[in-house]
Amino acid sequence: MANAASGMAVHDDCKLKFLELKAKRTYRFIVFKIEEKQKQVVVEKLGEPTESYEDFTAALPADECRYAVYDFDFVTEENCQKSRIFFIAWSPDTARVRSKMIYASSKDRFKRELDGIQVELQATDPSEMGIDVFSSRAR
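As a starting point, this report considers the structure included with it. (Residues numbered from 1 in each chain as written. Predicted model: local features only at pLDDT ≥ 70, side-chain atom pairs only at ≥ 80, totals over all residues. Heavy atoms only, no water.)

Things to note about the overall build of the chain
Here is step 1: If you tally the helices and strands in the chain, you get four helices and seven strands.
Here is step 2: Seen in sequence order, the chain has helices and strands lined up from the N terminus as β-β-α-β-β-α-β-β-α-β-α.
Here is step 3: Relative to the compact-globule value of 14 Å for 139 residues, the chain shows a C-alpha radius of gyration of 15 Å, a close match.
Here is step 4: Overall, the C-alpha framework of the chain stretches about 45 × 30 × 20 Å when taken along its three principal axes.
Here is step 5: Counted over contacts in the chain with a minimum sequence separation of 6, partners at least 24 positions apart contribute 60%.
Here is step 6: Carbon and sulfur atoms make up 49% of the accessible area of the chain, which totals about 7300 Å².
Here is step 7: When the 22 basic and 24 acidic side-chain charges of the chain are each reduced to a single mean position, those positions are 5 Å apart. (Helix = DSSP H or I, 4+ residues; strand = E, 2+ residues; numbered from the N terminus. Rg over C-alpha atoms; globule rule 2.2 N^0.38 Å. Contact = heavy atoms within 4.5 Å. Areas by Shrake-Rupley, 256 points an atom, 1.4 Å probe, with all protein chains shown as cover. Lys, Arg positive; Asp, Glu negative; His and termini not counted. Charge placed at Lys NZ, Arg CZ, Asp CG, Glu CD.)

Now the structure itself:
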C-alpha cells in the first residue's frame, strides 16, 4: 500500500481497478471513499461498462465526499469516437467540514497513484459535473 502525504494509504485494489478501467475498459466508473478508521482510500463502487452517466451521479452520496473516476465517451467534430478519463473530487457543501478537509488534503497524492487521469473536475454540487461540463472539458 502506498502512503499518502496526509497519512492516508491507498489500497492496492484502487490502482488495480483503475488500470482495468484504463487498459481494458472493464468499468464505466469507479467511486472511491476514504475509510477514516483504517486511514486508507478504498473502492466503494464499480460501474459496469453498460451503466450510464445517471448511474454514475446516483452513486455519489448527496452529503459525503468521494473521489471518482469516469470513462467519458464522446464524438469529435471530425466524427471520431474518443474517450477521456475524468477524475472527480466530489465535495458537496453539505458534507462534514472534517471530511472535506481530509479529502482535500489527500487528493493530489491519491490522484498521483492513478496514472492516466486526463481531466480533473472539482464539484460541490451536481451542476458542476453535468454531462455538458464533461463534454466541454473533454475536447
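Next comes the rest of the account.
With respect to the nonpolar core
Here is step 1: If you look at the biggest cluster of nonpolar residues, it comprises 21 residues, and the most contacted ones within it are Phe32, Tyr67, Val69 and Phe110.
Here is step 2: Elements supplying a minimum of two residues to this core: helix H1 (12-24), strand E3 (29-35), strand E5 (66-75), strand E6 (81-90) and helix H3 (97-113). (Core = buried A, V, L, I, M, F, W, Y, C linked by side-chain atoms within 4.5 Å. Buried < 20%, exposed > 50% of the residue type's maximum accessible area, 1.4 Å probe, protein only.)

Re H1
Here is step 1: End to end, H1 covers 18 Å across 13 residues, agreeing with the expected 18 Å (1.5 Å per residue, within 8%).
Here is step 2: Taken together, the buried positions of H1 are Cys14, Lys17, Phe18 and Leu21. Down the axis of H1, the sector holding all buried residues measures 100°, keeping them to one side. For H1, the exposed residues set more than 90 degrees away from the buried face come down to Ala23 and Lys24.
Here is step 3: In this structure, the buried residues of H1 make contact with strand E2 (9-10), E3, strand E4 (40-47), E5, E6 and H3.
Here is step 4: The positive-phi residue at the C-terminal boundary of H1 is Arg25, with phi of around 55°. (Expected span 1.5 Å × (residues − 1). Arc of directions from axis to C-beta.)

Structural notes on the pairing of E3
Here is step 1: Among the seven residues that make up E3, five are buried, leaving the element largely enclosed by the rest of the structure.
Here is step 2: Sheet topology places E3 next to E4; seven bridges connect them, and they run antiparallel. Within the sheet, the bridge partner assigned to Phe29 lies in E4 and is Gly47.
Here is step 3: Between E3 and E4, which follow one another and run antiparallel, lie four residues, and Lys39 among them has a positive phi close to 55°.
Here is step 4: Across four bridges, E3 lies against E5 in antiparallel orientation. Bridged to Val31 within E5 is Ala68. (Pairing = 2+ DSSP bridges.)

Some points on the pattern of salt bridges
Here is step 1: The tally for this structure, following the rule as stated, stands at 13 salt bridges.
Here is step 2: The network of salt bridges with common partners includes Asp12, Lys15, Arg109 and Glu113. (Salt bridge = Lys/Arg side-chain N within 4 Å of Asp/Glu carboxyl O.)

Observations concerning the environment of Asp73
Here is step 1: Its place among the elements puts Asp73 in strand E5.
Here is step 2: C-alpha of Asp73 to C-alpha of Phe134: the two residues are 61 residues apart in sequence and 9.6 Å apart in space.
Here is step 3: Excluding its chain neighbours within four sequence positions, the residues that come into contact with Asp73 are Arg25, Arg28, Gln81, Lys82 and Ser83.
Here is step 4: A polar contact is formed between the side chain of Asp73 and the side chain of Arg28, at a distance of 2.9 Å. (Polar contact = N/O pair within 3.5 Å; in protein donor to acceptor, adjacent residues only side chain to side chain.)

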